[in-house]
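# Analysis of the macromolecular model
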Amino acid sequence: MRRRRGTAVAIALLGAALAAAGCGLGPGADVGSVELTVTREFGSVPVLHRSLEAKESDTVMRALEADADVETRFGGGFVHAIDGVAEGEREGDPYDWFFFVDGVESPVGAADVELQGDERVWWDYRDWSATNHVPAVVGSWPAPFTDGVAGKPYPVVLECEGGGSACAAARKALKGQGVELASGSPERAIRMLVGPWNRLRKDAAAQLLEAGPAESGIYANFESSELVALDENGNLDRRFGSGAGLVAATSRYGGPPVWLVTGGTAAGVRAAADALDAAHLRDHYAVAIEGGQATPLPVKAR
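My aim in this report is to walk through the structure given alongside it, one point at a time. If you're wondering where the values come from, they're calculated on a predicted model, not measured in any experiment. (Residues numbered from 1 in each chain as written. Predicted model: local features only at pLDDT ≥ 70, side-chain atom pairs only at ≥ 80, totals over all residues. Heavy atoms only, no water.)

Take the pattern of salt bridges next. On inspection of all chains with the given rule, the structure shows 13 salt bridges. Residue Asp 30 pairs with Lys 55 through a salt bridge whose shortest N-O separation is 2.7 Å. Here Asp 30, found in strand 1 (residues 30-40), pairs with Lys 55, found in strand 2 (residues 45-55); they are 25 residues apart in sequence, far enough to count as distant. Between Arg 270 and Asp 274 there is a salt bridge; the shortest N-O distance is 2.9 Å. We classify Arg 270 as partly exposed; its relative accessible area is 32%. (Salt bridge = Lys/Arg side-chain N within 4 Å of Asp/Glu carboxyl O. Helix = DSSP H or I, 4+ residues; strand = E, 2+ residues; numbered from the N terminus. Buried < 20%, exposed > 50% of the residue type's maximum accessible area, 1.4 Å probe, protein only.)

Considering all chains together, one arrives at one cavity of 30 Å³ or more under this definition. Looking at the largest cavity, its volume works out to about 40 Å³. In terms of lining residues, the largest cavity is bounded by Glu 35, Thr 37, Arg 120, Val 121, Trp 122, Gly 139, Ser 140, Arg 282 and Asp 283. The element that contributes the greatest number of residues to the lining of the largest cavity is strand 9 (residues 120-127), accounting for three residues. (1 Å grid on protein atoms, 1.4 Å probe; cavity = no way out; pocket = protein on both sides within 12 Å on 5 of 7 lines; lining within 4 Å. Points joined across faces, edges and corners; volume = space filled by probe spheres on them.)

Strand order in the open sheet formed by three strands is 12-13-14, and the pairing between neighbours is antiparallel. Two strands lie at the open edges of the sheet, namely strand 12 (220-223) and strand 14 (236-239), each paired on one side alone. Each strand axis lies, on average, 35° off the axis of its neighbour in the sheet, ignoring direction. Of the pairings in the sheet, the one linking strand 13 (residues 226-230) to strand 14 comprises three bridges and is antiparallel in character. Note that in strand 14 the partner of Leu 230 across the bridge is Leu 236. (Pairing = 2+ DSSP bridges. Axes fitted to C-alpha atoms, helices over the stretch in contact; angles between N-to-C directions.)

Written as structure tokens, this is what we have:
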């Protein structure tokens, strides 16, 4: 049974209609560069990638319109089509455009998100039959750890739950990007959890993984110590070996993103931690790591 977009999303999009989308980048002083990425099929098909200089009062919508042919609805607050690729059904599955700012799904329309500079904005056209809500992705690494989300800084916390050497590798990866780690347990922090799945699954945010993509936005799960990959319809498609790891992100109740660097075994956790770099993560919703190779998630349905 297909899930339709919830009332909260509809209200947010209607609210976005009150803002003018604009044409191209607006006037005002420069606020900094913005990285704009457009893809299809969960990031597997690249469409556009460029860096642009944003100005005061620029929005995500204006940045997109400056580089693409955009058709909108609801008074300019909602994207209907980019370069002729429009929302609708394909082979019976619903498709639409979704966007993330610094690796976090936006709760409001693109015309309502003002650019502050240094954001990574990612638009993706995808099948949403399994879920229309993917709260966070790993494909904008090193965001959100470096500058927060949409210009709003957050403390960053690394939580090691039996991760061993993988925790040291994750710490090195974050510090290599200039990330200052907070001590203690500050409220509203971006969290990176590192450890075997039987330890991480005790965390309330991590537990969302076991409820499926509709709750976590992650197309993977664990069966005992075995990592399994789901396809875009949310069906089990592939099983990985005991040494496979998972790098994924989610959030609970709309809070800051929570990254999972995990595996069924210590070897899997270390494999995941060693994949914390742009080469393995960029433009992927999540990745399974096995033998040093990244498998983007979800996998394509056979």
